[in-house]
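Given next are the chains, with one letter for each unit.
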Amino acid sequence: MSDTPPIHALIAPVTPLAQNCTIVWCTKTKKAAIIDPGGEVPRLMAALEQHGLTLEKIWITHGHLDHAGGTAALKAATGVPIEGPHPDDAFWIDEIETAGAKYGMPDAKSFTPDRWLQDGDVVTLGETEFEVIHCPGHTPGHVVFFHREAKFAQVGDVLFQGSIGRTDFPRGSYPDLIASITQKLWPLGENVAFVPGHGPMSTFGRERQTNPFVSDEALSDA
């Protein structure tokens with residue numbers, strides 16, 4: 001048995017909102033996906049080159065500006081396919097340019113994914129596979145990318161260390177978000193490490209113990 005992990009990941013915060021863009025790659029083939037390229041595309045391209053990676057996919061968790069604003073530019077620079085989010089977030093993607101002008105990110109552009117994703121889909125990267133989990137609540141079309149063997153998830157703005165995603169945006173839903181976390185993420189295992197959309201990494205187990213919104217204790221009191 002090899003101790004070499006099947007995947008590696010690098011977190012590159014981008015945009016004034018310090019969004020956790022994640023570069024994940026297949027260890028064996030060095031083929032990479034960039035998850036949520038919100039902006040600063042030249043810096044992301046430089047990181048690929050620095051690590052000797054070949055970009056194969058662009059994956060999007062949801063259509064908010066800080067997560068998807070650089071997608072069109074990255075696609076234009078590389079030609080690789082865009083996968084995600086779920087089609088229920090199409091209206092958010094259509095509003096990226098308007099939001100970019102409002103938040104001082106004039107280079108942000110809308111785009112059309114090459115593949116919309118559904119709950120239960122599988123996306124491939126090199127010789128690895130990631131499961132797609134539809135987790136509405138923060139946005140209606142939010143998806144999570146999960147690598148079962150590596151016990152690794154990129155959860156976007158569904159869950160954070162010590163917090164959860166906002167639900168006060170159009171078509172957000174607090175009950176949907178809580179259901180996504182407790183019914184879709186928790187069953188994946190307490191030892192799953194996750195990259196959130198902002199802030200430090202954590203594990204599902206730690207959040208079940210300590211998160212003031214979705215810990216087992218907090219929900220038992222609800």
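Residues numbered from 1 in each chain as written. Predicted model: local features only at pLDDT ≥ 70, side-chain atom pairs only at ≥ 80, totals over all residues. Heavy atoms only, no water.

Focus on the overall build of the protein
Regarding its fold elements, the protein presents eight helices and 13 strands. Among the 222 residues that make up the protein, the fraction classed as buried is 50%. In the protein, once contacts between residues fewer than 6 apart in sequence are set aside, the share between residues at least 24 apart is 59%. Entry remark: accessible area of the protein is about 9700 Å², with carbon and sulfur atoms responsible for 52%. On the protein, the mean spot of the 16 positive side-chain charges and the mean spot of the 28 negative ones are 4 Å from each other. (Helix = DSSP H or I, 4+ residues; strand = E, 2+ residues; numbered from the N terminus. Buried < 20%, exposed > 50% of the residue type's maximum accessible area, 1.4 Å probe, protein only. Contact = heavy atoms within 4.5 Å. Areas by Shrake-Rupley, 256 points an atom, 1.4 Å probe, with all protein chains shown as cover. Lys, Arg positive; Asp, Glu negative; His and termini not counted. Charge placed at Lys NZ, Arg CZ, Asp CG, Glu CD.)

Considering the packing of aromatic side chains
As enumerated under the stated definition, the model contains six aromatic pairs in all. Centroid distance Trp59 to Phe145: 5.0 Å. Interplanar angle 15 degrees. Geometry classified as stacked. Taken as a pair, Trp59 in strand 4 (residues 54-59) and Phe145 in strand 8 (residues 143-147) lie far apart in primary sequence, 86 residues in all. There is no split in this pair, since Trp59 and Phe145 are both buried. Each ring, one from Trp92 and one from Phe169, has its centre 6.0 Å from the other, and the planes form 85 degrees; the classification is edge-to-face. Highlighted residues: Trp92 in helix 4 (residues 90-94) and Phe169 in the loop between strand 11 (163-164) and helix 6 (174-185), separated in sequence by 77 residues. Residue classification places Trp92 among the buried residues on the basis of a relative accessible area of 12%. Here the aromatic residues Trp59, Phe130 and Phe145 are joined through ring pairs into a cluster of three or more. (Phe/Tyr/Trp six-rings, centres within 6.5 Å; stacked < 30°, edge-to-face > 60°.)

A short note on the environment of Val144
Looking at the element boundaries, Val144 is found in strand 8. Put simply, Val144 and Thr61 are 83 residues apart on the chain and 6.1 Å apart in space, counted from C-alpha to C-alpha. In this view, Val144 contacts Glu131, Val132, Ile133, Cys135, Ala153, Gln154, Val155, Val158 and Leu185; residues no more than four positions away in its chain are not counted.

Observations concerning the pattern of salt bridges
Enumeration according to the criterion identifies eleven salt bridges in this entry. Taking the shortest distance from any N to any O, the salt bridge between Glu83 and Lys57 comes out at 3.6 Å. Placement of the pair is Glu83 in strand 5 (residues 82-83) and Lys57 in strand 4, with a sequence separation of 26 residues. One salt-bridge network, in which partners are shared between bridges, spans Lys57, Glu83, Arg115 and Asp121. (Salt bridge = Lys/Arg side-chain N within 4 Å of Asp/Glu carboxyl O.)

Details of the sheet that holds strand 3 (residues 31-35)
Strand order across the open sheet formed by five strands is 1-2-3-4-5, with mixed pairing between neighbours. Each edge of the open sheet carries a strand with a single partner, namely strand 1 (7-14) and strand 5. Where strand 2 (residues 19-26) and strand 3 come together, four bridges link them in antiparallel fashion. Its bridge partner lying in strand 3, Trp25 is registered against Ala32. Sheet strands in contact with helix 1 (residues 41-50) are strand 1, strand 2, strand 3 and strand 4, and its direction is about 155 degrees off that of strand 1. Relative to strand 4, helix 3 (residues 71-78) is tilted by about 150 degrees, and along the sheet it contacts strand 3, strand 4 and strand 5. (Pairing = 2+ DSSP bridges. Axes fitted to C-alpha atoms, helices over the stretch in contact; angles between N-to-C directions.)

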